[in-house]
Amino acid sequence: MRNLEKSKFKYLWRANFVKRTITQHYEDKYSRYNPDAEWNPSSFRDFQNYFNNHSGELLSFELVGKDKKYTVDLSRPWCPIIYSDEEGRWGSETHTLLHREKRPLSNVRIIYYRNMEATIIDGVVGEPRVLSYVIGYQGLDKNGNNRQKTITVI
Amino acid sequence: MAATTTWYEQNGTATGSPAHGTESTISSCDWKSVDDSTTSRASAPVLAGANSYDKYIYLKFSGTFNQVSAVKFAHTAGTLGTGISLKGKITSTYTTPSTTALGSSTDITSTTAIGSGASVLLGTTGPNDASPAASQTSQCYTQYIVTQVQTTSSANAGDSGTVTLTVQYNEN
């Protein structure tokens, strides 16, 4: 992912829909970014907006790093799976299944966030930093209970 | 880019409705014997047996984010030393800072893993928002994070130990 080279983030997300791919901007900018505003939505708002109208068309949601990629595979949306791909030293790839949903789910949605930390050490305010990246999914089982699965990537 | 976090402190007499103090952005935060955000702790030390003024600090989230959620606060590292305790509370109510023992506070002298820290809510109008929530999808503020150092006569002279205060949150 070329965006990654310009980004301060270690991982960027990419959402693959049937007819469109949405990639996190390297500065996490929203498509309708307003440089004069004190606050703007992030790229994830673009994903949410498109997903709200095309929820059945999301094939996968990926967290892409330099050598690793983590995927929430929704190609069978009633049975999400999470796997990772790691590029080896000699260009070989290792594909690892991390989780397979056992119960059929409906209304499946993506979970993505960064876990952040801001500190005051000996009275001095520090810059916030990313502790980890979290992706996964949540959905409803046949009893209407919410089920979710996330993985944390450092 | 990501969410921009700016630390603020309020000082002085509570005024207005909802009550608030005078707001300043801060790059440092020391417990002292004066209620301001600028005097160094060396110039306004807390004498053994006395309390510091309450500190009313909070974070503003601006910049770029879709949602901020799950904010927690804790004293996560370091110790202040013999005879010195640290009190804290999370509130949406500003009260004129004083050296009276901080009411309804929790003893946070010992370190706590951030996962077990105090939950902090978020408001869109300020740290004193009447309806704060666990998450927000636009520019927002944490509640006040109020802390106070309380000492006994057994506190050692000189500077106290170094502590780390941590705020953890999720953003996307």
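Every chain is numbered independently, its residues counted from 1 as its sequence is written. Each chain is given a letter, starting from A, and each ligand a number, starting from 1, according to the order in which they appear as written. The model is predicted, so local features are restricted to residues of pLDDT at least 70 and side-chain atom pairs to those at 80 or more, both for listing and for counting; the totals for chains, interfaces and linings are taken over all residues.

Visitor: So, the overall build of chain B: which residues are in play, and what are the values?
Guide: A helix here means a DSSP run of H or I that spans at least four residues, while a strand means a run of E at least two residues long, and both kinds are numbered starting from the N terminus. Along its length, chain B carries zero helices and twelve strands. A compact globule built from 172 residues should have a C-alpha radius of gyration of about 16 Å, and chain B, at 16 Å, falls within 12% of that. For chain B, the spread of C-alpha atoms along the principal axes amounts to about 50 × 35 × 30 Å. Counting other C-beta atoms within 10 Å of its own, a residue is labelled buried from 20 upward, exposed at 12 or fewer, and partly exposed in the gap between, with every C-beta atom placed from the backbone. By the burial criterion, 46% of the 172 residues in chain B qualify as buried. Each residue is represented by a C-beta atom placed from its backbone, and any two residues with such atoms within 7 Å are regarded as in contact. Intrachain contacts of chain B at a sequence separation of at least 6 include 71% that bridge at least 24 residues. C-alpha atoms define the radius of gyration, and 2.2 Å times the number of residues to the power 0.38 defines the globule rule.

Visitor: Outline the overall build of chain A, supporting the account with residue identities and numerical values.
Guide: Helix and strand counts for chain A come out as two helices and eleven strands. Ordering the α and β elements of chain A from the N terminus gives α-β-β-β-α-β-β-β-β-β-β-β-β. Along the longest, intermediate and shortest principal axes, the C-alpha atoms of chain A span 50 × 40 × 35 Å. Taken across its 154 residues, chain A has 26% of its residues classed as buried. Long-range pairs, those at least 24 residues apart, make up 41% of the contacts in chain A between residues at least 6 apart in sequence.

Visitor: Could you give an account of the pairing of strand S1 (residues 3-15) of chain B, naming the residues involved and the relevant values?
Guide: Residues and elements named next belong to chain B. Sheet analysis places S1 next to strand S3 (residues 55-64), joined by eight bridges and oriented antiparallel. Of the residues in S3, the one forming a bridge with Thr4 is Ser62. The rule for pairing is simple: two strands pair if DSSP sees at least two bridges between them. Direction of pairing for S1 relative to strand S2 (residues 20-25): antiparallel, over a ladder of five bridges. Within S2, the position partnered with Glu9 by the bridge is Ser24. If you look at the hairpin formed by S1 and S2, you'll find four residues sitting between the two strands, and Gly16 has a positive phi there, around 80°.

Visitor: So, the interface of chain B and chain A: which residues are in play, and what are the values?
Guide: Chain B puts 27 residues into the contact, and the matching count from chain A is 25 residues. Where the side of chain B that touches chain A is concerned, the elements lending two or more residues are S1, S3 and strand S12 (164-171) of chain B. In terms of residue count, the dominant contributor to the side of chain B that touches chain A is S12 of chain B (eight residues). The nonpolar class holds Ala, Val, Leu, Ile, Met, Phe, Trp, Tyr, Cys and Pro. Asp, Glu, Lys and Arg form the charged class, and all remaining residues, Gly among them, are polar. Among the residues making up the side of chain B that touches chain A, the classes are represented as ten nonpolar, 15 polar and two charged. Sheet topology places strand S3 (residues 39-40) of chain A next to S3 of chain B; two bridges connect them, and they run parallel. Bridged to Asn40 of chain A within S3 of chain B is Thr64 of chain B.

Visitor: Describe the nonpolar core, and please don't skip the residues or the numbers.
Guide: The term nonpolar core refers to a set of buried Ala, Val, Leu, Ile, Met, Phe, Trp, Tyr and Cys residues connected through C-beta atoms within 7 Å. Formed by 39 residues in total, the largest nonpolar core has its most connected members in Leu59, Val68 and Ile145 of chain B. The leading source of residues in this core is S3 of chain B, at five residues. Leaving out residues up to four positions away in the same chain, Val68 of chain B has contacts with Ala3, Phe61, Leu122, Ser135, Gln136, Cys140, Tyr169 and Glu171 of chain B. In this structure, Ala15, Leu74, Ile135 and Tyr137 of chain A belong to the second largest nonpolar core, which totals 22 residues.

Visitor: I'd like a description of the sheet that holds strand S1 (residues 12-17) of chain A, backed by residues and values.
Guide: As a general point, the strands of a sheet are linked pairwise by backbone hydrogen bonds and lie either parallel or antiparallel. Residues and elements named next belong to chain A. Taken together, the six strands give an open sheet; going across it, the order is S2-S1-S4-S5-S6-S7, and neighbouring strands pair in antiparallel fashion. For this open sheet the edge positions go to strand S2 (21-23) and strand S7 (93-100), each flanked by a neighbour on one side alone. Going from strand to strand, the sheet's axes swing by 15° on average, the running direction of each strand aside. Alignment of strand S4 (residues 58-64) against strand S5 (residues 68-73), held across five bridges, turns out to be antiparallel. The axes used here are C-alpha line fits, helices contributing only the stretch in contact, and every angle between their N-to-C directions lies in the interval 0 to 180 degrees.

Visitor: Could you give an account of unusual backbone geometry, with specific residues and numbers?
Guide: The omega torsion across Ser17 of chain B and Pro18 of chain B is 0°, close enough to zero to call that bond cis. You can see Pro18 of chain B is positioned in the loop between S1 and S2. Its identity as a non-glycine residue notwithstanding, Asn107 of chain A has a phi of 50°, on the positive side. With respect to the helices and strands, the residue Asn107 of chain A is situated in strand S8 (residues 106-121). Judged by local crowding, Asn107 of chain A falls into the exposed class, with 11 C-beta atoms found within 10 Å.

Visitor: Any chance you could break down the pairing of S4 of chain A for me, citing the residues and the numbers?
Guide: Strand direction decides the pairing type here: S1 of chain A and S4 of chain A, joined by six bridges, are antiparallel. Within the sheet, the bridge partner assigned to Asn16 of chain A lies in S4 of chain A and is Ser60 of chain A.

Visitor: Outline helix H2 (residues 43-53) of chain A, listing residues and values.
Guide: Listed as buried for H2 of chain A are Ser43, Phe44, Asp46, Phe47 and Gln48 of chain A. Contact partners of the buried residues in H2 of chain A: S1, S2 and S8 of chain A.

Visitor: Explain the confidence of the model for chain B residue by residue, including any values.
Guide: The predicted model of chain B averages 96 in pLDDT, with 100% of residues at 70 or higher. As scored by the predictor, the complex reaches a pTM of 0.95 and an ipTM of 0.94. The quantity called pLDDT is the predictor's confidence in a given residue, expressed from 0 to 100.

Visitor: So what's going on with the environment of Leu131 of chain A? Residues and values would help.
Guide: Residue and element names in this part refer to chain A. Looking at where Leu131 falls in the secondary structure, it is placed in strand S10 (residues 129-140). Take Leu131: there are 15 C-beta atoms within 10 Å of it, and that puts it in the partly exposed class. Between the C-alpha atom of Leu131 and that of Asp28, which follows or precedes it by 103 residues, the distance is 17 Å. Aside from chain neighbours lying at most four places away, what touches Leu131 is Asn115, Met116 and Glu117.

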